[in-house]
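# Topology and contacts: notes
One letter stands for each residue in the lines below.
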Amino acid sequence: MKVARFHAPGDIRIEEAPRPEGGLVIRVRNCSTCGTDAKIYKHGHHHLAPPRVMGHEIAGEVVGTGERVQVIAAIPCGTCAECRRGRMTVCPDQESMGYHYDGGFAEYMAIPDKVVAVGGVNPIPGGVSFAEASVAEPLACVLNGQELARVSDGDDVVVMGAGPIGCLHVRLARARGAARVFLADVNADRLAKAAALVEPDAVIDDDAVAQVLKLTGGRGADVVITAAASGAAQEQALTMAARQGRISFFGGLPKDDPIIRCDSNLVHYRELTIVGANGSSPAHNARALDLIASGQVPVADLITHRLGLDDVLEAIALVSRGEAIKVTIEP
Ligand SMILES: [Zn+2]
Ligand SMILES: [Zn+2]
């Protein structure tokens, strides 16, 4: 079978590999790409020991039974103190598909037993395509983020960052009953493209704090989500939040530049809540599939590019250049 294997930064090869046998094996139908794949291609990743088949947004058919399934990306251990408390997204022993185990940029892939053990193989509901199901993984992460930030009825929500994750945040905030959703990005082209698809109540292209205050009559936003690796966006988020506002630092910052300035008195007097977000649990993945199946969070139109396995490098280039919303590989 054919696979796309990472050997070193800048070195991903399309290669022949033996088809996995024994245990649960799936015929991969869609494996979508995300910003992390572009980052790995450029810099590698400390959790990824090459050579490794990449790809972690996975949907396919079980070999033998033909069952249509979606597979989790982040694998909690299921037994540590956090997992036992139901906090699987912060399992310190978490491993990942495409990092610790061969991923979905392949015609076939073996599903590790520990993925099955934590309920990480979800049946795809009828009416949901493999391509849509592959987007359940990033949507699950977005769902975790909005649960922690308690996005709910009547909220004014600002999403900073108009990439695929930002688009999913806009759609999910609406599904959770947000009153208004505003989408911000410093890249006007990307913002326009995303806004045409997800139709926020307003777009914000610069001077984000002033614009949010204007749009909210000086109150600020109930929830601000930073879906960008930007410390500046995080600092702005703190100053555009309403009283008792919740701020989600959804996107992490570069490892070598993670420090921001935070006016602690803003947090104190305005009773702000700052939350993080680290991937998703198996249960989030199942619920993300339900959100897609019920039509509450449509994702089909966010898939702007479909490429074959031979074109993985082109897919990663599209993601890096920010020219696509969602690029999916169909091995
Ligand atoms: Zn991803
Ligand atoms: Zn654990």
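Below you will find a few notes about this structure. Note that the coordinates shown come from a computational prediction; the quantities given were computed from them, not determined experimentally.

## Examining the pattern of salt bridges
Per the counting criterion, the structure on display carries 18 salt bridges. With its nearest N and O atoms 2.5 Å apart, the salt bridge here joins Glu-15 to Arg-5. Taken together, the residues Glu-15 in strand β2 (residues 11–16) and Arg-5 in strand β1 (residues 2–8) connect sequence positions 10 residues apart. Close ionic contact of Lys-326 with Glu-57 constitutes a salt bridge, the shortest N to O distance being 3.1 Å. On the criterion of sequence distance, the pair formed by Lys-326 in strand β18 (residues 326–329) and Glu-57 in strand β5 (residues 57–62) is long-range, its members being 269 residues apart.

## Some details on the sheet that holds strand β14 (residues 221–226)
Taken in spatial order, the 6 strands of this open sheet run β13-β12-β11-β14-β15-β16, and their pairing is parallel. Edge positions in the sheet fall to β13 (202–204) and β16 (273–275), since each of these pairs with one other strand and no more. Each strand of the sheet is rotated relative to its neighbour by a mean of 20 degrees, with strand direction disregarded. Inspection of the sheet shows strand β15 (residues 241–248) paired to β16 by 3 bridges, in the parallel sense. When the sheet's bridge partners are listed, Ser-248 is paired in β16 with Val-275. Here helix α7 (residues 188–198) sits on the sheet and contacts β12 (180–184) and β13; the angle it forms with β12, its principal contact strand, is near 155 degrees.

## Section: the coordination of the zinc ion (ligand 2)
In the first shell of the zinc ion (ligand 2), the protein supplies Cys-77 (SG), Cys-80 (SG), Cys-83 (SG) and Cys-91 (SG), at 2.3 to 2.4 Å from the metal. Given 4 donor atoms and angles of 105 to 117 degrees at the metal, the environment of the zinc ion (ligand 2) is assigned as tetrahedral. On the primary sequence, the residues serving as donors to the zinc ion (ligand 2) are separated as C-x2-C-x2-C-x7-C. Here Cys-80 and Cys-83 have matching classes, each one buried.

## Quick look at the sheet that holds β1
Taken in spatial order, the 3 strands of this open sheet run β2-β1-β4, and their pairing is antiparallel. If you trace the sheet from one side to the other, it starts and ends with β2 and β4 (52–53), each paired once.

## Considering unusual backbone geometry
With glycine set apart, most residues show a phi of negative sign, and most peptide bonds adopt trans. Omega for the bond connecting Pro-50 with Pro-51 falls within 30 degrees of zero, at -5 degrees, which places this linkage in the cis form. Of note, Pro-51 is situated in the loop between α1 (35–43) and β4. We note that Arg-150 has phi near 50 degrees; this positive angle belongs to a residue other than glycine. Within the secondary structure, Arg-150 is located in the loop between α5 (136–148) and β11 (156–160). Given the relative accessible area of 43%, Arg-150 is considered partly exposed. With a phi angle near 55 degrees, Glu-271 is a residue other than glycine that sits in the positive phi range. Inspection of the secondary structure puts Glu-271 in the loop between α10 (264–270) and β16.

## What about the layout of surface pockets?
Within this model, the second largest pocket holds a volume of roughly 170 Å³. Looking at the second largest pocket, it is lined by 14 residues, and the ones nearest its centre are Met-1, Pro-20, Asp-102, Met-109 and Ala-110. Elements that contribute at least two residues to the lining of the second largest pocket include exactly β1 and β9 (108–111). Per-element tally for the lining of the second largest pocket: the top contributor is β9, with 3 residues. Classifying every residue of the lining of the second largest pocket gives 11 nonpolar, 1 polar and 2 charged.

## Things to note about the pairing of β2
Where a strand is regular, its side chains alternate between the two sheet faces. Direction of pairing for β1 relative to β2: antiparallel, over a ladder of 6 bridges. For Ala-4, the partnering residue across the bridge sits in β2 and is Ile-14. With antiparallel pairing between neighbouring strands as the criterion, β1 and β2 make up a hairpin whose turn holds 2 residues, including Gly-10 at a positive phi of roughly 80 degrees.

## Some remarks on the packing of α5 against helix α6 (residues 164–175)
Put simply, α5 and α6 touch, their axes get as near as 10 Å, and they point 55 degrees apart. It follows that α5 is oblique to α6 by the angle criterion. Handedness of the crossing formed by α5 with α6: right-handed. Packed against α5, whose contacting residues are Pro-138, Leu-139, Val-142, Leu-143 and Gln-146, the element α6 presents Ile-165, Leu-168, His-169, Leu-172 and Ala-173 at the interface. For the contact of α5 with α6, the per-class residue count stands at 8 nonpolar, 2 polar and no charged.

About the criteria used
- Residues numbered from 1 in each chain as written.
- Chains lettered and ligands numbered in written order.
- Predicted model: local features only at pLDDT ≥ 70, side-chain atom pairs only at ≥ 80, totals over all residues.
- Heavy atoms only, no water.
- Salt bridge = Lys/Arg side-chain N within 4 Å of Asp/Glu carboxyl O.
- Helix = DSSP H or I, 4+ residues; strand = E, 2+ residues; numbered from the N terminus.
- Pairing = 2+ DSSP bridges.
- Axes fitted to C-alpha atoms, helices over the stretch in contact; angles between N-to-C directions.
- Contact = heavy atoms within 4.5 Å.
- Donors = N, O, S within 2.8 Å, 3.2 Å for Na, K, Ca; no water.
- Tetrahedral: all angles 85-135°; square planar, octahedral: opposite > 155°, others 65-115°.
- Buried < 20%, exposed > 50% of the residue type's maximum accessible area, 1.4 Å probe, protein only.
- 1 Å grid on protein atoms, 1.4 Å probe; cavity = no way out; pocket = protein on both sides within 12 Å on 5 of 7 lines; lining within 4 Å.
- Points joined across faces, edges and corners; volume = space filled by probe spheres on them.
- Nonpolar A, V, L, I, M, F, W, Y, C, P; charged D, E, K, R; others polar.
- Parallel < 35°, antiparallel > 145°, perpendicular 65-115°, else oblique.
- Left-handed = near helix turned anticlockwise from the far one by under 90°.

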